[in-house]
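As a plain string of letters, each chain reads:
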Amino acid sequence: MAIKPMEQGEPHQDTDKQLSARIPVAAPVLDGREAEYVAECMETEWISSNGRFIGAFEKAFAEFCGVKHAIAVNNGTTALHLALVALGIEAGDEVIVPTLTYIASANCVRYCNGVPVFVDSDPQSMNMDPAKVAEAVTDKTRAIIPVHLYGHPVDMDPIRDIAKQHKLFIVEDAAEAVGALYKGKRVGGLGDCATFSFFGNKIITTGEGGMVTTDDDDLAARLRLFRGQGMDPERRYWFNVVGYNYRMTNIAAAIGLAQMERVEEHLARRAVVAASYKKKLAHLSQYVELPVTANWATHSYWMYVITLKESVKKSRDEVMAALDRENIETRPVFYPMHQMPPYKEDRGYEVADHLAARGINLPTHGRLTERDIDRIVAALERAFTD
Ligand SMILES: Cc1ncc(COP(=O)(O)O)c(C=O)c1O
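Residues numbered from 1 in each chain as written. Predicted model: local features only at pLDDT ≥ 70, side-chain atom pairs only at ≥ 80, totals over all residues. Heavy atoms only, no water.

Caption draft 1: Up close: the side chain of T99. Turning to its location among the elements, T99 is positioned in the loop between β2 (94-98) and α5 (104-111). The buried category is assigned to T99, whose relative accessible area is 0%. In this structure, T99 is in contact with F118, V119, Y335, P336, M337, H338, Y349 and A352, ignoring residues within four places of it in sequence. (Helix = DSSP H or I, 4+ residues; strand = E, 2+ residues; numbered from the N terminus. Buried < 20%, exposed > 50% of the residue type's maximum accessible area, 1.4 Å probe, protein only. Contact = heavy atoms within 4.5 Å.)

Structure, rendered in structure tokens:
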């Protein structure tokens, strides 16, 4: 597919306002049939969790991931919880999770009264380090949650070997990685099941929304059962299990289907943004580490992450504040789970602690222009050298 270059902006349109407008760290791109499909929901009055868009979105998403089943839910956190419930994770079960992730990856284990067991990260990909995963397995371990952080896939082969050896489930947390490839295969079909988020800042969005994907027919049936309050599919209003209402609305699915129709373009635009950052930040290599993509990976660039080197005398937060003063929004790399009150541990995790202290997410989305990137790079240069 031809990759459209980023908007260059028209020089004669420059105004002080345009040049100083705030650059958000993330922004949805809703330039397909989103509005038309949402209008159809309104006109037909299919606004709740029945309607043609749910099935159509699930089908499009399953095909895209190369899996048999996709089950739409109301966000990425419920997707994770539903996956663990459907796999039968129970009180006291241990689940191995990277400490460097978004808190939902750990919270879902707690929702099941399980115990998240944290592991350190690989310094290049920022993902869970498979060697650390092997060390963390105990008699109580039931599952591993590899998180494809910021869009870089986890090195899954060693994780799958560990899971096979110890009979553990794998739930990919692919919230940030729609479209990423591991050794040529899309994330979403690399474990027992995978979960996705479609929050407004994600690669594709439904406002709030999520998905669970799997190739396993029985697991898919359990996911659908628990998503819909546990209602017996053969007998309306009869419940054999305690389920949840984690359904997605037809309106959200309408947006999701429109997003899927252009998913390759959404991904291509992010790839262009990442390539532009790589080129334009090259001269700042004494100050920053740029993301490295493993040779077996295709990164989907949810967020472009830079890590400040020791030569930067300002703290990470001072650099972010300097960008903020120039009207550029950034985000700190996630605080590792073991540093925060719900999951506080006395020990440190060397790699995750370093990445979290020095990492910054630069604006990454499909509406960034070359001029925006030039502004961001110039602001970084000033922050490093002032
Ligand atoms: C790694 C990861 N897992 C899970 C989630 C949860 O998704 P949601 O915000 O849709 O509940 C997110 C969302 O940001 C995430 O980044």
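Here the narrative resumes.
Caption draft 2: Structural detail: the packing of aromatic side chains. For the coordinates displayed, the defined rule picks out 14 aromatic pairs. Each ring, one from Y244 and one from Y246, has its centre 5.0 Å from the other, and the planes form 20°; the classification is stacked. Of the residues examined, Y246 reaches a relative accessible area of 13% and is grouped as buried. One aromatic cluster in this structure is built from F57, F61, F196 and F198. The lysine or arginine in question, R235, covers the ring of W238, its NZ or CZ lying 4.0 Å from the ring centre. (Phe/Tyr/Trp six-rings, centres within 6.5 Å; stacked < 30°, edge-to-face > 60°. Lys NZ or Arg CZ within 6 Å of the ring centre and 35° of its normal.)

Caption draft 3: Representation of the environment of D215 within the structure. For D215, the location among the structural elements is in the loop between β9 (210-214) and α8 (217-227). Residue classification places D215 among the partly exposed residues on the basis of a relative accessible area of 38%. A sequence separation of 48 residues divides D215 from V263, and the C-alpha atoms of the two residues are 21 Å apart. Once you skip the residues sitting within four places of it in the chain, D215 turns out to touch G66, V67, K68 and H69. Within polar-contact distance, the side chain of D215 engages the backbone nitrogen of K68 at 2.9 Å. (Polar contact = N/O pair within 3.5 Å; in protein donor to acceptor, adjacent residues only side chain to side chain.)

Caption draft 4: View of the sheet that holds strand β5 (residues 169-173). In space, the seven strands of this open sheet follow the order β1-β9-β8-β5-β4-β2-β3, with mixed pairing throughout. At either margin of the open sheet sits one strand with a lone partner, and together these are β1 (69-73) and β3 (115-119). With direction set aside, neighbouring strand axes in the sheet form an average angle of 25°. For β1 and β9, the ladder comprises five bridges, and the chain directions are antiparallel. What sits directly across from I71, in β9, is V212. Sheet contacts for α5: β2, β3 and β5; angle to β3, the most-contacted strand, approximately 150°. In the packing of α8 onto the sheet, the strands contacted are β1, β8 (193-197) and β9, and the crossing angle to β1 comes to about 15°. (Pairing = 2+ DSSP bridges. Axes fitted to C-alpha atoms, helices over the stretch in contact; angles between N-to-C directions.)

Caption draft 5: How the structure looks around the environment of G209. By secondary structure assignment, the location of G209 is in the loop between β8 and β9. For the pair G209 and A252, spaced 43 residues apart in sequence, the C-alpha separation works out to 7.0 Å. Residue contacts for G209: discarding those within four places in its chain leaves V73, N74, N75, G76, F196, S197, F198, F199 and M248.

Caption draft 6: Representation of helix α7 (residues 156-166) in the model. Taken residue by residue, α7 has M156, I159, I162 and A163 as its buried positions. Looking down the long axis of α7, one finds its buried residues gathered within 125° of arc, a one-sided arrangement. Exposed and facing more than 90 degrees away from the buried side of α7 are D161, K164 and Q165. Buried residues in α7 make contact with α6 (130-136), β4 (141-144), β5 and β6 (181-182). Just beyond α7, the residue with positive phi is K167, at close to 55°. (Arc of directions from axis to C-beta.)

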